[in-house]
Amino acid sequence: MRRPPPASVLGALAVLALLVVAAVFAGALAPYDPAAVSLGDRLTPPALLGGTWRHPLGTDALGQDVLSRVIYGGRISLLVAVCAVAISGTIGVGLGVLAGFFGGVADDVIMRVAEIQLAFPSILLYISVMAVLGPGLGKIILVIGVVSWVAYARIERGAVLALREREFIEAARAMGAPAASIIRRHVLPNTLGPMIVVASFTLATAIVTEASLSFLGLGVPPSVPSWGRMLSDGRDYLQQGWWMATAPGIAIMLVVLAVNVAGDWLRDRLDPRLRF
């Protein structure tokens with residue numbers, strides 16, 4: 001019998017479900033426009049610390065509602081992470097299949113390029129590219145997506161190398177099936193499990209990367225609410241308004257922890273040796 005998900009996994013899935021709902025319905029859930037400025041309400045503490053329930057998590061140095069900005073920041077983080085994972089997964093899986101199934105020169109070139117990229121610290125590569133391109137939502141999605149393909153390619157290549165000599169692959173070749181058909185009908189479905197697990201962990205990495213770049217001023221523009229941008233804005237007010245940085249920091253921690261817990265559980269579920 002399959003074991004039911006533990007309480008930690010259920011909690012992680014609940015956090016992720018809450019993030020998705022908040023991102024999709026941010027306009028209905030956020031009490032204020034995240035860009036609305038009210039200098040008369042600046043640095044209002046959270047309601048439980050003597051503030052007002054009109055601003056449950058307080059306001060920032062411009063009087064902007066922290067709760068509203070956290071909700072809209074979740075939309076940005078989720079959008080960047082999902083789009084970046086889709087780009088990196090497509091590139092990485094495609095190159096991994098090409099390297100593993102056909103081998104030869106294609107394998108050597110792809111793996112050498114991957115090794116060269118792994119020689120550079122990822123965060124320095126992100127900073128260098130974004131410093132050249134400049135801030136922008138589309139730019140940060142593209143950069144994270146293009147840079148993160150290596151993990152997919154290496155794992156997909158290993159999985160394909162283990163599959164391409166299996167009996168059912170040899171039988172398909174003997175029947176005259178073209179390579180594209182074998183890859184589509186036999187290779188990709190049998191390597192989907194590991195790729196889903198890689199995608200789950202890459203999702204957490206993309207969220208942290210976006211927040212880090214936005215914190216440094218290299219991510220989304222200042223006009224776009226982002227958890228990393230909120231952390232950057234709050235670092236100068238840790239004495240007068242510590243809640244400005246605390247709220248987005250807790251949001252990042254909870255979401256990344258939830259993704260990692262769900263990813264661990266998903267890995268166990270997809271591993272036939274750990275299903276029972």
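Everything in this summary refers to the structure shown in the same document. (Residues numbered from 1 in each chain as written. Predicted model: local features only at pLDDT ≥ 70, side-chain atom pairs only at ≥ 80, totals over all residues. Heavy atoms only, no water.)

### Focus on the overall build of the protein
Next, step 1: Helix and strand counts for the protein stand at twelve helices and zero strands.
Next, step 2: Helices (α) and strands (β) of the protein occur, in sequence order from the N terminus, as α-α-α-α-α-α-α-α-α-α-α-α.
Next, step 3: Relative to its 276 residues, the protein shows a buried fraction of 42%.
Next, step 4: Taking as baseline every contact in the protein between residues at least 6 positions apart, the subset at least 24 positions apart corresponds to 69%.
Next, step 5: Element-wise, carbon and sulfur atoms account for 69% of the exposed surface of the protein, whose accessible area totals about 14,000 Å². (Helix = DSSP H or I, 4+ residues; strand = E, 2+ residues; numbered from the N terminus. Buried < 20%, exposed > 50% of the residue type's maximum accessible area, 1.4 Å probe, protein only. Contact = heavy atoms within 4.5 Å. Areas by Shrake-Rupley, 256 points an atom, 1.4 Å probe, with all protein chains shown as cover.)

### Side note on the environment of arginine 173
Next, step 1: Of note, arginine 173 is situated in helix H8 (residues 167-174).
Next, step 2: On the basis of relative accessibility, which here comes to 31%, the residue arginine 173 falls in the partly exposed class.
Next, step 3: Not counting chain neighbours up to four residues away, the residues in contact with arginine 173 comprise Phe101, Arg164 and Ile182.
Next, step 4: One polar contact links the side chain of arginine 173 to the main-chain carbonyl oxygen of arginine 164, over a distance of 3.4 Å. (Polar contact = N/O pair within 3.5 Å; in protein donor to acceptor, adjacent residues only side chain to side chain.)

### Describing a nonpolar patch on the surface
Next, step 1: A cluster of nonpolar residues, Val20, Val21, Val24, Phe25 and Leu29, forms a patch on the protein surface that exposes about 430 Å² of accessible area.
Next, step 2: Per-element accounting of the nonpolar patch gives the leading share, three residues, to helix H1 (residues 7-24).
Next, step 3: The topology assignment puts valine 24 in helix H1.
Next, step 4: Given the relative accessible area of 53%, valine 24 is considered exposed. (Patch = residues over 30% accessible without salt bridge, like charges linked within 9 Å, V, L, I, M, F, W, Y side chains within 5 Å. Salt bridge = Lys/Arg side-chain N within 4 Å of Asp/Glu carboxyl O.)

### A look at the packing of aromatic side chains
Next, step 1: Within the structure shown, the criterion is met by two aromatic pairs.
Next, step 2: Between phenylalanine 101 and phenylalanine 102, the ring centres sit 5.2 Å apart and the planes meet at 80 degrees, which makes this aromatic pair edge-to-face.
Next, step 3: Relative to tryptophan 243, the ring of tryptophan 242 has its centre 5.8 Å away and its plane inclined at 75 degrees; by these criteria the two rings are edge-to-face.
Next, step 4: Its relative accessible area of 38% is what places tryptophan 242 among the partly exposed residues.
Next, step 5: Note that arginine 235 overlies the ring of phenylalanine 215, its terminal NZ or CZ placed 4.9 Å from the centroid. (Phe/Tyr/Trp six-rings, centres within 6.5 Å; stacked < 30°, edge-to-face > 60°. Lys NZ or Arg CZ within 6 Å of the ring centre and 35° of its normal.)

### Comments concerning the packing of helix H10 (residues 192-215) against helix H12 (residues 243-270)
Next, step 1: Viewed as axis vectors pointing N to C, H10 and H12 meet at an angle of 170 degrees, and their least axial separation amounts to 9 Å. As the angle between them shows, H10 and H12 are arranged roughly antiparallel. From H10, Gly193, Ile196, Val197, Ser200, Phe201, Leu203, Ala204, Ile207, Val208 and Ala211 reach across to H12, where they touch Ile252, Val255, Val256, Val259, Asn260, Gly263, Asp264, Leu266, Arg267 and Leu270. (Axes fitted to C-alpha atoms, helices over the stretch in contact; angles between N-to-C directions. Parallel < 35°, antiparallel > 145°, perpendicular 65-115°, else oblique.)

So yeah, pure geometry; function would need other evidence.
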